[in-house]
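Given next are the chains, with one letter for each unit.
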Amino acid sequence: MVRADMECKESQDRLSAYADGELDASAMAQLAQHLAQCPDCAKACEQLFALRAAVKQHAAGHAAPAFLQQRLRQALQEEGKQARKAPRGRKWAQLPWAWINFGVASASTAALAVTVALYLSVPSDAERLDQEIIASHFRSLMPDHLADVASSDQHTVKPWFSGKLDFSPPVVDLAQEGFPLIGGRLDYINARPVAALAYRRHQHVLNLYVWPDGAQRDAPPRLTVRQGYHLIRWSRSGMHYQLISDLNVAELMDFERQLTVQIDKESVP
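Cut-offs used in this document
- Position numbers for residues count from 1 along each chain, tracking the sequence in the order it is written.
- Thresholds applied to this predicted model are a pLDDT of at least 70 for local features of residues and 80 or more for the giving and counting of side-chain atom pairs; totals over whole chains, interfaces and linings are not thresholded and use all residues.
- Each side-chain value is derived from all of the structure's non-hydrogen atoms; neither hydrogens nor water enter the calculation.
- Numbered from the N terminus, helices here are DSSP runs of H or I no shorter than four residues, and strands are runs of E no shorter than two.
- Residue burial is assigned from relative accessible area. The probe radius is 1.4 Å, only protein chains are included, and a residue is buried under 20% of its type maximum, exposed over 50%, and partly exposed in between.
- A contact between two residues is defined here by any heavy atoms of the two lying within 4.5 Å.
- Where accessible areas are quoted, they stem from the Shrake-Rupley method and a 1.4 Å probe; at the residue level, only the protein chains shown are allowed to cover.
- Think of a nonpolar core as a cluster: buried Ala, Val, Leu, Ile, Met, Phe, Trp, Tyr and Cys residues, connected wherever their side-chain atoms sit within 4.5 Å.
- Using a 1 Å grid laid over the protein atoms alone, points where a 1.4 Å probe fits but cannot get out form a cavity; open sets with protein on both sides within 12 Å along at least 5 of 7 lines form a pocket; any residue with an atom within 4 Å of a point counts as lining.
- Grid points are joined across faces, edges and corners, and a volume is the space filled by probe spheres set on the points.
- Residue polarity follows a fixed list, in which Ala, Val, Leu, Ile, Met, Phe, Trp, Tyr, Cys and Pro are nonpolar, Asp, Glu, Lys and Arg are charged, and the others, Gly among them, are polar.
- The salt bridge criterion pairs a side-chain nitrogen of Lys or Arg with a carboxyl oxygen of Asp or Glu, the two atoms within 4 Å.

## Remarks on the overall build of the protein chain
Stage number 1. Assigned secondary structure in the protein chain consists of nine helices and seven strands.
Stage number 2. Split into buried and exposed, the 269 residues of the protein chain put 36% on the buried side.
Stage number 3. Across the protein chain, every contact between residues at least 6 apart in sequence was considered, and the portion connecting residues at least 24 apart equals 58%.
Stage number 4. As displayed, the protein chain has an accessible area near 16,300 Å², and 56% of this comes from carbon and sulfur atoms.

## Some remarks on the nonpolar core
Stage number 1. One finds Tyr 18, Tyr 199, Leu 208, Phe 255 and Leu 259 to be the most contacted residues of the largest nonpolar core, which totals 55 residues.
Stage number 2. Residues within four places of Tyr 199 in sequence aside, it is in contact with Val 172, Leu 174, Phe 179, Pro 180, Leu 181, Ile 182, His 204, Val 205, Leu 206, Leu 208, Phe 255 and Leu 259.

## Side note on empty space enclosed by the protein
Stage number 1. Per the stated rule, a full pass over the model turns up one cavity of 30 Å³ or more.
Stage number 2. If you go around the largest cavity, the residues you meet are Trp 234, Arg 236, Ser 237, Tyr 241, Thr 260, Ile 263 and Asp 264.
Stage number 3. The set of elements that each furnish at least two residues to the lining of the largest cavity consists of strand S6 (229-236) and helix H9 (249-267).
Stage number 4. Tallying contributions element by element places H9 first for the lining of the largest cavity, with three residues.
Stage number 5. Of the residues that constitute the lining of the largest cavity, the class distribution is three nonpolar, two polar and two charged.

## Details of the pattern of salt bridges
Stage number 1. A complete count under the given rule lists nine salt bridges for this structure.
Stage number 2. Shared partners join several salt bridges into a network, and the residues in it are Asp 130, Arg 226 and Arg 233.

This is the structure:
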């Protein structure tokens, strides 16, 4: 009992790093396995992701207006000029103030540097989305988590999503191209329910996430590499796609091409 409590405490202490994708592959897999077996920690993780999604959707960021930035720069410049132009006869009398001015300027510069560093360390929307995809991919590799509907028949998997999503995801079987369909499941990515389709290439699992593209414009495939995984995202015909696997880039890009060809064929009346 004490051991279980310790595991839960350690797991919950690492949830933020897990959500941010800051754990290495071994630690993330270990934590994902614990989440699959512990309802309390899994609920805490879900609440964390829900909070992150709410903050992302509703929180507003504010930058200092241009006039304020200019006034701060001018004030720092004036302070420096006054310290340098102090009369020689009053040098010792004004020395403490010069040091104070210098200290204020240094502190302001340091504060600005810290602010810039914090801003640059905040992950972008694309980075946060990649982190969600990686976390979901890890969860899917736990026993019995890969597919809610396990089937290689696209005509079984596609109807299964009916009534569970507010859109109809394209589902194709690429077995002849070397990427057999494993099945599909529901997932929650980017603050909305999405379709997750699982494929296999030899011993490698490919997870393809699909949801409507709000921008409604096509975007070419873009590759990123995080934590040893290759991620490809693109948009086409009103849908956004996110693909992840530890498969090599050439075969992943071949999957994307074969998938696009089949979807385009099936969309022709």
